[in-house]
Amino acid sequence: MIRRLVRTQGMLVVVGLIFVIWSNPQVLPINKSSWMPRYGEVGPPTSRDTKVSPLPRNLTIHMLPHSHVDAGWNLSIDEYYEAAVRQVLRRASIQLWANRKRRFVWGDVAFLDKWLDEEGDFMNGQLEGDQSKMTWRQLLQEEIKRGQWEIVGGGYVSADEGLTTWWAHNAVLDVGQRALERQLNTTARVAWQIDNFGHFSTVAHLLSNSGYHAQFVGRMGYRDLYGFASKGRLQFLWQSQHTGAKPLLTHFLAEHYASPSADFDFDHTEKCNVDLLLEQLQRVARRHVRQYPAHGHVLVLIGDDFRFVKARRAFDCMDQLIAASSSHPQWRDVRLQYSTASEYLHATGLLQSQKSLYKFGGDMYPYQDKPVEQFWSGILGSRPYLKWLVRDCELIVKHAEALVALARVRDPYAIVESEWAQVEQHLEFARKQLAIGHHHDSITGTCTNDVFADYVLRLQAASRVALRAAQVAAQIYAGHSGQMPQMIDHIKSAYEPEAAVANACSPATRDVADSTRGTLKVNANETTTVIVSNAALLAAQSHVVRLRGLSSDAAVANAMGGPVEVQAQQAKDGSFDAMFVAEDVPALGMRSYTVGTVDQYPQAQPLAAQLATASPILSPLARLHKGRTHVRLRSKRNGKIEVSAYGRTVTVQLREYFANPFVQSSGAYVMHSFGLMYAGVFGVFGAALCAGWLLAAVSGPRVLRALRVPRVMSGRALSAALIGCAQGVAGVYYAAQMASVERLNAWTQGQGVALLIAPVGAVAFVQGGALRWGVRAAAAGATGLLAGTALALLLGQPWQSRALTSHALRFQVEHGSVCDRAYAQVSDFAAVEMQLCADTPQMLQMALTLQAPSDRELVLRVSHGRSRTLHLFDGVAERTRKSGWWMPVPGAFYPAPLMARLGSQLVVHMRQPVGAASVQQGCLDLLVHRNMSANDFRGLRLPLADSHAAGPAFLLDLRPATPSPVTDSLRISAPPLAFAQPHPGSSGKAAVAAYSPAAASLPALDLVGIRSCNTSGGLLVEARLLALQRTSVAASSLLPRVKSAARADADWLMRSSCSLPRQQTKTDFVNLKPGEQALFRLLISS
């Protein structure tokens, strides 16, 4: 009997291993790239190095020296610049000049821009003779001209591809290319995305239409990498599915962007063992030559993060390698040389002929760098305050650049050209700081706390500068250009942190909640003009303006001096908060209002007479209504909120995933599932059950007869298997939903395991004896237990998160003329506020105020219907995501920059990027906050200890069927911007009447960028437009006084000056297909 049991269990184990290997061949130590998990370390020779075909004849190995420089990560930008980057740029330039055969490649533009601003016009002082008088800028320009130094990437930074919006992707590329043109009179034509955490076809679409020839990428899931490499497809054409997309030649790095081994790390080793390094290069070449198309060229990157501080040592050793290879007997048919990225691509011939290349049309996401659930999904929820701040700054910069461009349309000669240039220079500073905020270690939250604070201060400075530039534009709109020099000079003071915001890294709870609603602080003792700009949208829309710090006799008037209906609320400090609706702000235009006193506006009522009515008691029921929309909120157990409107009900709930800091710890990058972190607990639980059953089968009858335990039934294999399966499911449910997290963590460390083993084993012993289980029944029970545990972990994914509270919530309700509000405290560290406002009566605004406890991941779950197909929108196109039932929870999360929906009946719009997943039918999980005490060891030197408060905000579409969620998403992502400035006079009327330069409202078009400049022929306006629907409108309908229009040919970039000539086609109409983008140049008559 025992032998039969062993044979049966052994066969099950063998079958299971065969299935795992068959479905995961990537885990085998053969026929795969050695970068996993050593990140490029060559190590000792193995079968994958020696048991391969010899190197082909006429092979060329291209060494590409480079230094990967992150714009903030473990250190801030300035700290990295002082510690390494300045020396790398200086010394690499000098070493290239010493030998014209040497090459060097540089990625992100931000550091280069900073260095040339500071030292570009200084003499190098290191070369011999008159060459020492060459400035660093002249030296670098000459090396670029020679082809020795290549600048790749072109974006100001390497922005994250998933969390960045379409507008921001375009802006980051614009800023970088303009900086290159201004500093060095050059451009980049090869993209360099080697460190991004996953890659998307959206970026390939943008690059292919911005003059790029190819791109280099460096991260895809290990399963996908195995599939591409095993078929020799690591060079391919990325054919995006977007309208107007062109195929883009893509080179994927078979190994990490670091050097082949630590022996090539010349910054940390003084040795140059030529024979050893040549041997390692050949081993790398043997692997790579099979993974790329057969063109006889292999690329090997030499460098790593912030390398080439010791540039002379590095280049001297590489010179020795090239010299030795030419006479080495094993290199008879192999050539070793320096190359840039462009030189390598030209050598392969792929820039000329691409017919044989594989065409790829999807996304490289989710990113899983190793087997066993190493999904980099944590980046989608890390540091949510920074994610919100990036989006808030993006909105302000977007409005400011449009207002400045359109102010010239209103009055091109309001200020002199030099003053226009100053304003544009300040705006460019704001754009650069915003671009840094989109870096793949910034918006993802993968940075230390000190670097996080640096990012925050940069984004705040960008917002202040952009707002003051918008104020200048508003003054020009109003015709008050006499004080322009003073106002332009005033912009400079916004570069430095203000005392009021210097500590904004730790915002107060109320500040967080208010920030998500765009609350505007005003001075109660001054008459203030409030400008409401809609310059970022080509369609009219209304907007709720929220004010703080008012006195009880304050009043709000419109542009004609008439009273405006206001909803007021008294704050704890005795001041008043107020809100009003700016109705129908025109496309590309603005409206203005004046905040004064009732003495100035006798027809207006004081704020004290317009207070919102608040419910005196807390209730589990709340009713909100605006216009024809009536919403009922009903709280149920476990913090669930049922939102009923338009005859349907949507459930909203805050939940938490918890992380085990001791086993498979999650961190800033990686998110692990419950089953992986607590597999040891399930193993102990199952072993205790099986031991109890087996003991009962062997000695149970005698013991149980002595204890007089009654016989229940005769054990059978089928019933035993079913009982074991049920107990496996019950064990998983208990651990996931009921057991103390602290106790589970202790058990994984082996602490107090006796408290788990003893009762479970005793229960199993009594159960097995009462059921009279023999050895066969015990074996069947063990098999059922294993199956039940596996099924519960795979199919019970919703169990892996817990409700944030077990109680029903109580609402504090307020009703007013502008917004109805329901507020509920969910827990000590989380609250939810739901508003129904007059500007978007069909959207329920949900603002969260929360802090994540240590080792917690917070999600907002929105449930309705039975769909599990996830649709995500990033500003240019929707993507469909559908995770299989076998996919672990971390692998189901995807970036959601703007909108996520399940089918057409559950649509949620985001005010900031988050992670979105559908772990069960009809459930949309939004990852909103994370706080980890352990490190996942992906390079960040400190754990993600983020205790900062955050205020993520969402809009839930209440309509039963949304006709155009994409159009709604673009409108919601570009809401009007309200800002204040001192009132210019005492007339009692606003400084700016309602104004719109747009000749018509065009809701089917999205404005992805706009700027203007004076030319000899008149005012030239460049507008980058994206069509949401098929569009054919006259160019004269965009702006007034259009003399002529042209469409740029195959180039979307907004270069250093819009007056520069470029290839274009004259046109009188804007003809665009759905999802198509183009750059239009409009000449405006004075």
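Residues numbered from 1 in each chain as written. Predicted model: local features only at pLDDT ≥ 70, side-chain atom pairs only at ≥ 80, totals over all residues. Heavy atoms only, no water.

Going by the annotation in an unreviewed UniProt entry, the name recorded for the protein is Glycoside hydrolase family 38 central domain-containing protein, with Coemansia brasiliensis given as the source organism. Reading the Sequence similarities (unreviewed entry) entry of the UniProt record for the protein gives the comment "Belongs to the glycosyl hydrolase 38 family." (UniProt positions renumbered as here; feature names shortened; annotations may be inferred.)

K.L.:
An account of the overall build of the protein is needed here, citing residue identities and associated values.
P.N.:
Across its full length, the protein holds 24 helices and 44 strands. Among the 1086 residues that make up the protein, the fraction classed as buried is 62%. Contacts in the protein between residues at least 24 apart in sequence constitute 78% of all its contacts with a sequence separation of at least 6. Counting every atom, the protein has about 41,400 Å² of accessible surface; 54% of that belongs to carbon and sulfur. (Helix = DSSP H or I, 4+ residues; strand = E, 2+ residues; numbered from the N terminus. Buried < 20%, exposed > 50% of the residue type's maximum accessible area, 1.4 Å probe, protein only. Contact = heavy atoms within 4.5 Å. Areas by Shrake-Rupley, 256 points an atom, 1.4 Å probe, with all protein chains shown as cover.)

K.L.:
Help me get a handle on the environment of Glu-279, residues and values and all.
P.N.:
With respect to the element layout, Glu-279 can be found in helix α10 (residues 274-289). Linking Glu-279 and Gln-330, residues 51 residues apart in sequence, is a C-alpha distance of 9.2 Å.

K.L.:
Help me get a handle on the state of the cysteines, residues and values and all.
P.N.:
For the structure shown, the criterion picks out two disulfides. Disulfide pairing is shown between Cys-819 and Cys-837; the S-S distance is 2.0 Å. Measuring handedness by torsion sign, the sulfur bridge of Cys-819 and Cys-837 sits at about 115 degrees and is right-handed. Of the two residues, Cys-819 is situated in strand β25 (residues 819-827) and Cys-837 in strand β26 (residues 830-837); the sequence distance between them amounts to 18 residues. (Disulfide = S-S within 2.5 Å.)

K.L.:
Pulling in residues and values, what's your account of the environment of Ala-421?
P.N.:
Tracing the backbone shows Ala-421 in helix α14 (residues 417-437). Overall, Ala-421 belongs to the partly exposed group, its relative accessible area being 44%. When the C-alpha positions of Ala-421 and Cys-1013 are compared, they lie 9.3 Å apart, and in sequence the two are 592 residues distant.

K.L.:
Before we move on, could you go through the pairing of strand β21 (residues 641-645) and cite the residues and values that matter?
P.N.:
A regular strand places its side chains so that they alternate between the two faces of the sheet. Most of β21 is tucked away: five of the five residues are buried. Residues Ile-641, Val-643 and Ala-645 point to one face of β21 and Glu-642 and Ser-644 to the other, with burial holding for every one of them. Strand direction decides the pairing type here: strand β20 (residues 629-635) and β21, joined by four bridges, are antiparallel. Residue Leu-633 lies in a different strand from β21, and its bridge partner there is Val-643. (Pairing = 2+ DSSP bridges.)

K.L.:
Could you give me a rundown of the UniProt feature "transmembrane region" (unreviewed entry) in the protein, with the residues and numbers involved?
P.N.:
Mapped onto the present numbering, the UniProt feature "transmembrane region" (unreviewed entry) falls at residues 675-696, 717-736, 748-766 and 773-795. Within residues 675-696, the helical portion is 95% and the strand portion 0%, while the C-alpha atoms at the span's ends are 29 Å from each other.

K.L.:
Describe the packing of aromatic side chains, with residues and values.
P.N.:
Throughout the structure, instances matching the rule amount to 32 aromatic pairs. Note on Phe-236 and Trp-238: the rings are 6.1 Å apart at their centroids and 50 degrees apart in plane angle, and the pair reads as tilted. Arranged with centres 5.7 Å apart and planes meeting at 75 degrees, the rings of Phe-236 and Phe-360 form a pair that is edge-to-face. Of the two residues, Phe-236 is situated in strand β6 (residues 235-238) and Phe-360 in strand β10 (residues 358-360); the sequence distance between them amounts to 124 residues. Assessed through its relative accessible area of 13%, Phe-360 is described here as buried. Ring pairs connect the aromatic residues Phe-104, Trp-106, Trp-149, Phe-308, Phe-315 and Tyr-338, which therefore count as one cluster. The residue whose ring lies beneath Arg-233 is Tyr-358, and the NZ or CZ to ring-centre distance is 4.1 Å. (Phe/Tyr/Trp six-rings, centres within 6.5 Å; stacked < 30°, edge-to-face > 60°. Lys NZ or Arg CZ within 6 Å of the ring centre and 35° of its normal.)

K.L.:
Account for the pattern of salt bridges, with residues named and values stated.
P.N.:
If charged atoms from side chains of opposite charge come close, those side chains can pair. In total, this model carries 50 salt bridges according to the counting rule given. A salt bridge links Glu-255 to Arg-287, with the nearest nitrogen and oxygen atoms 2.5 Å apart. Separated by 32 residues along the polypeptide, Glu-255 in the loop between β7 (248-252) and α10 and Arg-287 in helix α10 bring together distant segments of the chain. The buried category is assigned to Arg-287, whose relative accessible area is 1%. Across the pair Glu-401 and Arg-431 runs a salt bridge whose closest N-O atoms are separated by 2.9 Å. Residue Glu-401 is located in helix α13 (residues 384-410), and its partner Arg-431 is located in helix α14; the two are separated by 30 residues in the primary sequence. (Salt bridge = Lys/Arg side-chain N within 4 Å of Asp/Glu carboxyl O.)

K.L.:
Now, about the sheet that holds strand β44 (residues 1077-1084): what can you tell me, with residues and values included?
P.N.:
Spatial strand order, β38-β39-β44-β41-β42: five strands in an open sheet with antiparallel pairing. Each having just a single partner strand, β38 (1005-1015) and β42 (1064-1066) make up the two edges of the open sheet. With strand direction ignored, the average angle separating the axes of adjacent strands in the sheet is 25 degrees. Of the pairings in the sheet, the one linking strand β39 (residues 1018-1027) to β44 comprises eight bridges and is antiparallel in character. Looking at β44, one finds that Glu-1022 is bridged to Arg-1081. Contacts from α13 reach β38 and β39 within the one sheet, and its direction differs from that of β38 by about 45 degrees. (Axes fitted to C-alpha atoms, helices over the stretch in contact; angles between N-to-C directions.)

K.L.:
Report on helix α11 (residues 311-325), specifying residues and quantitative values.
P.N.:
The end-to-end C-alpha separation of α11 is 21 Å, in line with the 21 Å expected for 15 residues at 1.5 Å each. Every buried residue of α11 is listed here: Ala-311, Ala-314, Phe-315, Cys-317, Met-318, Asp-319, Leu-321 and Ser-325. Turning to α11, the residues buried within the fold contact β1 (59-68), α4 (77-98), β2 (104-106), α10, β8 (297-305) and β9 (334-338). (Expected span 1.5 Å × (residues − 1).)

K.L.:
Let's hear about the pairing of strand β43 (residues 1069-1072): which residues, and what values?
P.N.:
Going residue by residue along β43, you find Val-1070 and Leu-1072 tucked away on one face and Phe-1069 and Asn-1071 left uncovered on the opposite face. Bridge count for strand β40 (residues 1031-1034) against β43 is four bridges, and the pairing is antiparallel. Looking at the pairing, Val-1033 lines up with Val-1070 of β43.

K.L.:
Requested: an account of the packing of α14 against helix α15 (residues 449-478), with residues and values cited.
P.N.:
In contact at an axis separation of 8 Å, α14 and α15 are set at 150 degrees when each is read in the N-to-C sense. Put simply, α14 runs roughly antiparallel to α15. Crossing handedness for the pair α14 and α15: left-handed. Listed contacts from α15 to Trp-420, Val-423, His-426, Leu-427, Phe-429, Ala-430, Gln-433, Leu-434, Ile-436 and Gly-437 of α14 are Tyr-455, Arg-458, Leu-459, Ala-461, Ala-462, Val-465, Ala-466, Ala-469, Val-472 and Ile-476. Class assignment of the residues belonging to the contact of α14 with α15 gives a composition of 16 nonpolar, three polar and one charged. (Parallel < 35°, antiparallel > 145°, perpendicular 65-115°, else oblique. Left-handed = near helix turned anticlockwise from the far one by under 90°. Nonpolar A, V, L, I, M, F, W, Y, C, P; charged D, E, K, R; others polar.)

K.L.:
Any details on the sheet that holds β7? Residues and values, ideally.
P.N.:
Read across the open sheet, the five strands follow the order β4-β5-β7-β6-β10; overall the sheet is mixed. Two strands in the sheet have a free side with no partner beyond their single neighbour: β4 (190-193) and β10. When strand polarity is set aside, the average angle formed by the axes of neighbouring strands in this sheet is 30 degrees.

K.L.:
So what about the confidence of the model for the protein? Which residues, and what values?
P.N.:
Taken residue by residue, the protein gives an average pLDDT of 86. The fraction at 70 or more is 90%. Low pLDDT, under 50, characterises residues 499-517; the predicted model gives this stretch 34 contacts beyond four residues in sequence or across chains. (pLDDT = per-residue confidence, 0-100.)

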